[in-house]
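# Survey of secondary and tertiary structure
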Amino acid sequence: MIKKPKVLILTAKYGNGHVQVSKTLVKQCKDLGIDEVVVSDLYAESNPVFTEITQYLYLKSFTIGKQFYRMFYYGVDKIYNKKLLTLYFKLGNKRLHELIEKEQPDIIINTFPIIVVPEYRRRTGNIIPTFNVLTDFCLHKIWVHKNIDKYYVASKRVKEKVMSLGIHPAAVKVTGIPIRSQFEENLNKNAIYRKYNLDPAKKTLLVMAGAHGVLKNVKELCESFLADKNLQTVVVCGNNTALKESLESITGKNKENLKLLGYVERVDELFRIASCMVTKPGGITLSEAAAVGVPVILFKPVPGQEKENALFFQENEAALVVNRSEEVYDAVSTLLQDDKKLRRMKRNIKRLHHPHSSLAIMEDILKEAAVFKEKKYIKAQ
């Protein structure tokens, strides 16, 4: 009986995307019969206070800290090879050593750019096959290191950017970003309309309002759309109960055309029936939208990966980018009245989808790790 490898997945809670990708890969491992999977939020485990502060600053980047985050994101990219990043290169080193000693992993997967992992190999000579799964449609240099064995990226453009930094083409594979398997299921749309008490004869606007910094004027926007009797608006507030309560005051007699929802486990169902969606341009959300084929309106992307993601989708005519709150209503109304453009955007965004990404990634990782193990065995003879 062939022994299944033990997998160590390293992630970080800067936004939900990195953790979500980790969960998807864990599930894929289980589906492939790999039961020994350890997930570590390395920075939080090694430097909890520092991590809490930086995560707070990250959340503030969606509101008052946008310029700070712009300077951080693009600034770090420029000073990548300078001594100022020495601290980041060492961050989490002690905890990583403890994990490796305790768990003895055969494979390490990063869903966050944790540079201490390849640096650990460089310093110790302990070679464990290490793979980076990138979670955006753009590249930050901090993902790239000569001691990463292979990169799994969202698009051909990201692959080209990785290669431009001196990485061999064979070490970069375009797989798309891993998303929950429910987004690739075939579902009956009529059943979804019935479940949420929505009218299939009307167009449906989906507003993902629970994400950080999506819209400040959600209430005014919803009130504006209530005037259109042929449109039904679904607002997903997530865990933002204060937002949901503030919107309940305008439902009144308009419950048929305005649906307010909290956290929705099967949000993919709403993606499937949406004529278009207002959201933030996170790599996971955009990948999920591409899987289902829902045109997106991206509101005020934060400088950094959000902005780069948004520009990529806009350039591919798969999304509209709106930077001012007062322009959202006109952008949505104009798009919903243009069926030809909606169909074109739907086709374009579906072209950006790579089906069964998590399976493609894990199968390739297992293949690469097996080759590495064979080479190591032969070398030891």
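Residues numbered from 1 in each chain as written. Predicted model: local features only at pLDDT ≥ 70, side-chain atom pairs only at ≥ 80, totals over all residues. Heavy atoms only, no water.

What follows deals with the sheet that holds strand E11 (residues 296-299). Spatial ordering of the open sheet is given by E9-E8-E7-E10-E11-E12, a layout of 6 strands whose pairing is parallel. What marks the edges here is a single partner per strand, and that holds for strand E9 (258-261) and strand E12 (319-322). Neighbour-to-neighbour, the strand axes of the sheet open up by a mean angle of 15°, direction not taken into account. The sheet contact formed by strand E8 (residues 231-236) and E9 spans 4 bridges and is parallel. The residue of E9 that forms the bridge with valine 235 is leucine 260. Contacts from helix H14 (residues 305-315) reach E11 and E12, with the element oriented near 130° to E12. (Pairing = 2+ DSSP bridges. Helix = DSSP H or I, 4+ residues; strand = E, 2+ residues; numbered from the N terminus. Axes fitted to C-alpha atoms, helices over the stretch in contact; angles between N-to-C directions. Contact = heavy atoms within 4.5 Å.)

In this section: the environment of isoleucine 349. Position of isoleucine 349 relative to the elements: it lies in helix H16 (residues 339-351). Sequence separation between isoleucine 349 and valine 294 is 55 residues; the distance between their C-alpha atoms is 7.3 Å. Not counting the four nearest positions on each side in its chain, isoleucine 349 is found in contact with Ala289, Ala290, Gly293, Val294, Val296, Phe313 and Ala318.

Attention now moves to a positive patch on the surface. Together, Lys340, Arg343, Arg347 and Arg351 make up a positively charged patch on the protein surface. Mapped onto the elements, arginine 347 comes out in helix H16. (Patch = residues over 30% accessible without salt bridge, like charges linked within 9 Å, V, L, I, M, F, W, Y side chains within 5 Å. Areas by Shrake-Rupley, 256 points an atom, 1.4 Å probe, with all protein chains shown as cover. Salt bridge = Lys/Arg side-chain N within 4 Å of Asp/Glu carboxyl O. Lys, Arg positive; Asp, Glu negative; His and termini not counted. Charge placed at Lys NZ, Arg CZ, Asp CG, Glu CD.)

This paragraph deals with the pairing of strand E4 (residues 130-133). Both faces of E4 are covered, namely the face carrying Thr130 and Asn132 and the face carrying Phe131 and Val133. The pairing of strand E3 (residues 107-110) with E4 spans 3 bridges and is parallel. Looking at E4, one finds that isoleucine 108 is bridged to threonine 130. Each parallel crossover has a hand, and the one from E3 via helix H7 (residues 116-124) to E4 is right-handed. With 3 bridges connecting them, E4 and strand E5 (residues 150-153) associate as parallel partners. The residue bridging asparagine 132 from the neighbouring strand is tyrosine 151, located in E5. (Buried < 20%, exposed > 50% of the residue type's maximum accessible area, 1.4 Å probe, protein only. Right-handed = clockwise from strand over helix to strand, strands pointing away.)

It is worth spelling out the pattern of salt bridges at this point. A complete count under the given rule lists 21 salt bridges for this structure. Ionic pairing is found between arginine 180 and glutamate 288, a salt bridge with its closest N-O pair at 2.9 Å. Within this pair, whereas arginine 180 is found in the loop between strand E6 (172-174) and helix H9 (189-195), its partner glutamate 288 is found in helix H13 (residues 283-292), the two being separated by 108 residues in sequence. Within this structure, Lys150, Asp364, Lys367 and Glu368 form a network of salt bridges that share partners.

Another aspect to go through is the packing of aromatic side chains. This model, assessed by the stated rule, comprises 7 aromatic pairs. Here tyrosine 43 and phenylalanine 112 contribute two aromatic rings whose centre-to-centre distance is 6.2 Å and whose plane-to-plane angle is 85°, an arrangement assigned as edge-to-face. Of this pair, tyrosine 43 sits in helix H2 (residues 42-46) while phenylalanine 112 sits in the loop between E3 and H7, and the two are 69 residues apart along the sequence. Phenylalanine 112 carries the same exposure label as tyrosine 43, and that label is buried. Between phenylalanine 137 and phenylalanine 312, the ring centres sit 5.7 Å apart and the planes meet at 20°, which makes this aromatic pair stacked. One end of the pair, phenylalanine 137, is in the loop between E4 and E5; the other, phenylalanine 312, is in helix H14, with 175 residues separating them in the sequence. Accessibility classification places phenylalanine 137 together with phenylalanine 312 in one group, the buried group. Following the ring pairs from residue to residue traces out a cluster consisting of Phe137, Phe312 and Phe313. (Phe/Tyr/Trp six-rings, centres within 6.5 Å; stacked < 30°, edge-to-face > 60°.)

What follows is about helix H6 (residues 93-103). Residues of H6 that are buried: Leu96, Leu99, Ile100 and Glu103. All buried residues of H6 lie within an arc of 95° about the axis, which places them on one face of the element. Pointing more than 90 degrees away from the buried face of H6 are the exposed residues Lys94 and Lys102. Its buried side turned inward, H6 meets strand E1 (7-11), strand E2 (37-41), H2, E3 and H7. Positioned one or two residues after H6, glutamine 104 has a phi angle of 50°, which is positive. (Arc of directions from axis to C-beta.)

This part takes up unusual backbone geometry. Even without being glycine, lysine 300 reaches a positive phi, approximately 40°. Relative to the helices and strands, lysine 300 is located in the loop between E11 and H14. What makes lysine 300 partly exposed here is its relative accessible area of 33%. Phi is positive for glutamate 317, close to 55°, though the residue is something other than glycine.

Successive side chains on a regular strand alternate, one facing one side of the sheet and the next facing the other. In this structure, E11 lies alongside E12, joined through 4 bridges in parallel fashion. Considered in E12, the bridge of valine 296 is made with alanine 319. Taken together, E11, H14 and E12 form a β-α-β motif whose crossover is right-handed.

Turning our attention to the sheet that holds E2. The strand order across the open sheet formed by 6 strands is E2-E1-E3-E4-E5-E6, and the pairing between neighbours is parallel. Of all the strands in the sheet, the pair left with one neighbour each is E2 and E6. Looking at each pair of strands side by side, their axes are set apart by 20° on average, direction ignored. Bridge count between E1 and E3: 4 bridges; the pairing is parallel. Looking across to E3, one finds that valine 7 is bridged to isoleucine 107. Here helix H1 (residues 17-31) sits on the sheet in contact with E1, E2, E3 and E4, set at roughly 165° to E1. On top of the sheet, H6 reaches E1, E2 and E3; it is set at about 160° to E1, its chief contact.

These figures come from the coordinates and say nothing about function on their own.
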